[in-house]
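Descriptive structure summary
Spelled out from the first residue to the last, the chains are:
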Amino acid sequence: MQKTIFYHDTDCGNVVYYANYLKYFEEARTLYMQEKGYSVASLMQQGKYFVVARQEVEYKYPVRYGDVITVDTKVLEISDIKIVFENTITNQNGRLCTKGKTTLVCVNATGMPTSMGVDVKQAIGA
């Protein structure tokens with residue numbers, strides 16, 4: 001996923017506000033899932049909700065107003081109820097700016113862990 005950084009993404013130092021990286025990770029994961037044939041909405045209609053259980057972020061180099069970033073997403077680990085995604089953000093010069101690891105757990109409508117299903121697991125983990 002590519003994204004241009006606008007003024008509203010930045011803090012008073014003209015650097016991307018630290019919490020906005022989580023939005024970028026979320027957007028990239030959503031697109032990743034769509035590319036694998038599953039939208040968040042369709043999974044919710046099936047009673048499968050993915051919630052963040054753990055988030056790690058390493059800020060390596062500042063991203064600034066006007067930069068064009070690339071957010072890459074890959075699956076590090078997958079089980080019946082859990083997916084661990086890794087995101088890396090590089091700037092227009094190819095410099096690594098941010099790394100993140102997000103653990104999602106599949107839950108049902110009442111918040112209890114539930115299997116994502118073999119079809120979803122195979123598609124997403126591929």
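Residues numbered from 1 in each chain as written. Predicted model: local features only at pLDDT ≥ 70, side-chain atom pairs only at ≥ 80, totals over all residues. Heavy atoms only, no water.

**A closer look at helix α1 (residues 20-35)**
Spanning 16 residues, α1 covers 23 Å between terminal C-alpha atoms, matching the ideal 22 Å at 1.5 Å per step. Among the residues making up α1, those that are buried are Asn20, Tyr21, Tyr24, Phe25, Ala28, Arg29, Tyr32 and Met33. In the stretch just after α1, glycine 37 is the one whose phi turns positive, near 100°. (Helix = DSSP H or I, 4+ residues; strand = E, 2+ residues; numbered from the N terminus. Expected span 1.5 Å × (residues − 1). Buried < 20%, exposed > 50% of the residue type's maximum accessible area, 1.4 Å probe, protein only.)

**Structural notes on the sheet that holds strand β4 (residues 82-90)**
Strand order in the open sheet formed by five strands is β1-β3-β4-β5-β2, and the pairing between neighbours is antiparallel. Two strands bound the open sheet, and with one partner strand each, they are β1 (2-4) and β2 (49-59). When the angles between neighbouring strand axes are averaged without regard to direction, this sheet yields 25°. Pairing of strand β3 (residues 68-78) with β4 involves eight bridges; the strand directions are antiparallel. Note on β4: the bridge partner recorded for threonine 70 is threonine 90. Contacting β1, β2, β3, β4 and β5 (96-107), α1 crosses the sheet at an angle of about 115° to β4. Against the sheet, helix α3 (residues 118-125) contacts β3 and β4, and its axis sits at roughly 130° relative to β3. (Pairing = 2+ DSSP bridges. Axes fitted to C-alpha atoms, helices over the stretch in contact; angles between N-to-C directions. Contact = heavy atoms within 4.5 Å.)

**Remarks on the environment of aspartate 119**
Along the chain, aspartate 119 turns up in helix α3. Along the chain, aspartate 119 and glutamine 46 lie 73 residues apart, while their C-alpha atoms are 12 Å from each other. Only 3.2 Å separates the side chain of aspartate 119 from the side chain of tyrosine 38, close enough to count as a polar contact. (Polar contact = N/O pair within 3.5 Å; in protein donor to acceptor, adjacent residues only side chain to side chain.)

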